[in-house]
Amino acid sequence: MDGELIPKAADILRKAKRVAALTGAGISAESGVPTFRGKDGLWRQFRAEDLASPEAFARDPKLVWEWYDWRRRLIAGCAPNPGHNTLAKWEKVIPDFILITQNVDGLHPLAGTTNLLELHGNIWKVRCVNDGAVSDNRDVPLREIPPRCPDCGALLRPHIVWFGEMLDQAVVGRAFAASAACEVMLVVGTSAIVHPAASLPLYAAEAGAVIIEINPDPTPLTPHADVSLRGPAGEILPLIDREF
Ligand code: BV8
């Protein structure tokens, strides 16, 4: 990677008062959490899109919950990595910093990030399909599969946004407002193909933000990025922090 890009990214961030970060599964890869589209993104013979949908849950709630139980067991053993920790640190030193994540693994709050928008929900929350009540559930493993609401006995579902489902409109509204208001958007570890998350950086760029991308691979966003750093977030973010 071009040795000049790290100081350039640090200089842009140092001068910025309003920064928005958008993260995807890639920032958790070095913590051991499988990404969706990487080589380890499969479970049994299924792809995430096959299981993370209301149709899959209606058809076979037990299978979908076996997948989430497997992911919860795995994520329970994962810790935030230097990428998560650097973003949590920057929230304290950059005047106006907000983190928008597509991830449901809960590693950003675990690292200390507080000004956080979880676009797609959180794997440690469940929702009653009967009345929509949301509660924390950190049972690893789950006591029963599929889990049932202790109040009414209806099925519980992950409090997660599946493919084909609307995101929480208040959360989406805040994410687009933050994208329009920021001077710099830092896009870390996302394949930039799932919408509406993938449109946030384009929206930010149209509003005049500088786009910094961190990803070992190029993505559809790369041509729109002002600075594209090719490498793992857990290494690159601390290198930028050292230049702060
Ligand atoms: C909706 C929760 C509307 C589940 C997730 C055509 C065009 C536009 C949109 C669509 C379309 N066809 C269908 C749609 C809609 C669909 C969509 O965008 N589909 C895609 C596949 C085309 N979107 C939706 O359905 C959304 N809802 O649009 O509703 C609507 C309107 C009316 C009525 C009803 C509905 C809902 C999308 C949310 C789905 N839920 N997650 C769960 O986790 O169980 S999405 C899931 O995949 C993730 O949350 C994430 O958002 C998404 C993409 O994953 P990434 O995070 O990017 O991870 P990925 O594996 O893809 O990439 C990892 C990246 O990291 C790679 O680039 C890799 O190079 C990099 N990396 C690897 N290692 C590292 C690294 N980077 C840094 N450091 C490293 N070490």
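Our subject is the structure that appears above.
Residues numbered from 1 in each chain as written. Predicted model: local features only at pLDDT ≥ 70, side-chain atom pairs only at ≥ 80, totals over all residues. Heavy atoms only, no water.

Focus on the overall build of the chain
For the chain, the count of helices and strands is ten helices and nine strands. Its C-alpha radius of gyration of 18 Å places the chain within 12% of the 18 Å reference for a compact globule of 244 residues. Its C-alpha atoms give the chain principal-axis dimensions of about 55 × 35 × 30 Å. Across the 244 residues that make up the chain, the buried fraction comes to 52%. Sequence-distant contacts, at least 24 apart, represent 68% of the contacts inside the chain between residues at least 6 apart. As displayed, the chain offers around 11200 Å² of accessible surface, 53% of which is attributable to carbon and sulfur atoms. Positive and negative side-chain charges in the chain, numbering 25 and 30 respectively, have mean positions lying 2 Å apart. (Helix = DSSP H or I, 4+ residues; strand = E, 2+ residues; numbered from the N terminus. Rg over C-alpha atoms; globule rule 2.2 N^0.38 Å. Buried < 20%, exposed > 50% of the residue type's maximum accessible area, 1.4 Å probe, protein only. Contact = heavy atoms within 4.5 Å. Areas by Shrake-Rupley, 256 points an atom, 1.4 Å probe, with all protein chains shown as cover. Lys, Arg positive; Asp, Glu negative; His and termini not counted. Charge placed at Lys NZ, Arg CZ, Asp CG, Glu CD.)

Concerning the pairing of strand β4 (residues 121-128)
When you tally the buried positions in β4, you get six out of eight residues, the bulk of the element. In terms of strand pairing, β4 meets strand β6 (residues 156-160) through four bridges, oriented antiparallel. Each residue of the ladder has a partner; that of Gly121, found in β6, is Ile160. Pairing of β4 with strand β5 (residues 134-136) involves three bridges; the strand directions are antiparallel. Paired with Arg127 across the bridge in β5 is Val134. Counted between consecutive antiparallel strands, the loop separating β4 from β5 contains five residues, among which Gly132 sits at a positive phi close to 75°. (Pairing = 2+ DSSP bridges.)

Some thoughts on the pattern of salt bridges
Oppositely charged side chains are able to pair whenever their charged atoms sit close together. Per the counting criterion, the structure on display carries eleven salt bridges. Close ionic contact of Arg18 with Glu183 constitutes a salt bridge, the shortest N to O distance being 3.8 Å. With a gap of 165 residues between them, Arg18 in strand β1 (residues 18-23) and Glu183 in the loop between α8 (169-181) and β7 (184-188) connect regions that are remote in the sequence. A salt bridge links Asp139 to Arg143; the nearest nitrogen and oxygen atoms lie 3.4 Å apart. Taking the relative accessible area as the measure of exposure, Arg143 reaches 74% and is therefore exposed. Salt bridges sharing partners connect three or more residues here, namely Asp11, Arg14 and Lys15. (Salt bridge = Lys/Arg side-chain N within 4 Å of Asp/Glu carboxyl O.)

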